[in-house]
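Descriptive structure summary
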Amino acid sequence: MITAGIDMGMEYVKAVLLRDGEAAGRGIGLSGGARRESAARAALEGALKEAGLSAGDIGKTVATGKGKFDLSFADKQVTEAVAAAKAAKRLCPAATCVMDAGCDETLVLTLDGGGKINEAVLNEKCAAGVGGFLQNMARRLELSLEEMSALPPVAAGGATVNDGCIVFAELDMLSLLNRNVPVREIAAALTDAAAVRVCTVLNDVTVPATDKVVLLGGLAKNKAFVRALEARSGISFVIPDHGEYGGALGAAQIALDT
């Protein structure tokens, strides 16, 4: 059986195909704004091409993400938390916790032994948009996302920015630029501040489960952010390959299971 999962994020849409339960193809593209369904179809077409399949081969499609209800062709919609939990257990059966850190939001779930959600915590407004914030700051500093990912850790006594509010962090960035602080030092400070903000979501979990924490979402690809997050949280994250497709993978697995 061929199943499809589509994650309609705020910035990107991701698609995953499973063939008899095994990953067969992936596709990604910008979310499309007002043309979100067209963007989703394009991402799905990319996954179909990689898998050597056609749309008619798909038996069931499940959508998740902020724009999940924009897809008229989806057979079912599931919440981001349910999709993330399903993906985490598929990728790491021993997972006790999952963090999904993307462009728009940060979600933390604790899981029982069977993969059911014990507790779900979503970022507060001040921690929203961390992934988008780092993307915007990279553009302002004229750094590629690859260059941001390769940044060294924040040096002791080096530049710092506000870690309580991304608006104030941006103002601090401008002040540092005016003082001719090296761009890479500023970028490292911004990355560390983003990690602090994401840690506030982890800290909101009332019953922590930090022995096997799976990190999903686009920020899992940013090595500098992951390093800062691990240093700040004291957690050694399980980072699967293609973790940015976690939501779509979970949705495709749900399509297979139901």
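Quick note: structure is the one above.
The sections below set out a description of the structure shown in this document. Residue numbers run consecutively from 1 along every chain, following the written order of its sequence. Totals for whole chains, interfaces and linings use every residue, but because this is a predicted model, local features are given only for residues with pLDDT of at least 70 and side-chain atom pairs only at 80 or more, for both listing and counting. With hydrogens and water set aside, each side-chain value is computed from the structure's full complement of heavy atoms.

Description of the sheet that holds strand S9 (residues 213–216)
Criterion used throughout: strands pair if DSSP finds at least two bridges between them. Helix numbers and strand numbers start at the N terminus; a helix is a DSSP run of H or I with at least 4 residues, a strand a run of E with at least 2. The four strands are arranged S8-S7-S6-S9 in an open sheet whose pairing can be described as mixed. A single partner strand is all that each edge strand has here, and the edge strands are strand S8 (117–122) and S9. If you compare each strand with its neighbour and ignore which way they point, the axes differ by 15° on average. Where strand S6 (residues 97–101) and S9 come together, four bridges link them in parallel fashion. Angles run from 0 to 180 degrees between N-to-C directions of axes, and those axes are lines fitted to C-alpha atoms, restricted for helices to the stretch in contact.

So, helix H2 (residues 80–91)
Here the expected length of a helix is defined as 1.5 Å per residue gap, with one fewer gap than residues. Here H2 spans 16 Å end to end across twelve residues, near enough to the 16 Å set by a 1.5 Å rise per residue. What makes two residues a contact is simply this: any of their non-hydrogen atoms within 4.5 Å. In this structure, the buried residues of H2 make contact with strand S4 (60–64), S6, strand S7 (106–111), S8, S9 and helix H8 (246–257).

Some thoughts on the side chain of Asn-123
With respect to the helices, strands and loops of the structure, Asn-123 is situated in the loop between S8 and helix H3 (130–140). The class of Asn-123 is buried, set by a relative accessible area of 13%. Polar contacts, as used here, are pairs of N or O atoms within 3.5 Å; protein pairs need one atom able to donate a hydrogen and one able to accept it. Residues neighboring in sequence count only if both atoms are side-chain atoms. At a separation of 2.5 Å, a polar atom in the side chain of Asn-123 contacts the main-chain amide nitrogen of Thr-106. Relative accessible area decides the class of each residue, using a 1.4 Å probe on protein chains only: under 20% of the type maximum gives buried, over 50% gives exposed, and in between gives partly exposed.

With respect to the environment of Glu-119
Within the secondary structure, Glu-119 sits in strand S8. Since its relative accessible area comes to 17%, Glu-119 is described here as buried. Separated by 81 residues in the primary sequence, Glu-119 and Thr-200 have C-alpha atoms spaced 15 Å apart. Ignoring any residue separated from it by four or fewer positions in sequence, one finds Glu-119 in contact with Val-108, Leu-109, Thr-110, Asp-204, Val-205, Thr-206 and Val-207. One polar contact links Glu-119 to Thr-206, side chain to side chain, over a distance of 3.0 Å.

Points about helix H1 (residues 36–51)
For H1, spanning 16 residues, the distance from its first C-alpha to its last is 23 Å, which sits close to the expected 22 Å at 1.5 Å a residue. Every buried residue of H1 is accounted for by Arg-36, Ala-39, Ala-40, Ala-43, Leu-44, Ala-47, Leu-48 and Ala-51. Where H1 is buried, its residues meet strand S1 (2–8), strand S2 (12–19) and strand S3 (22–30). Gly-52 lies just past H1 and shows a positive phi near 70°.

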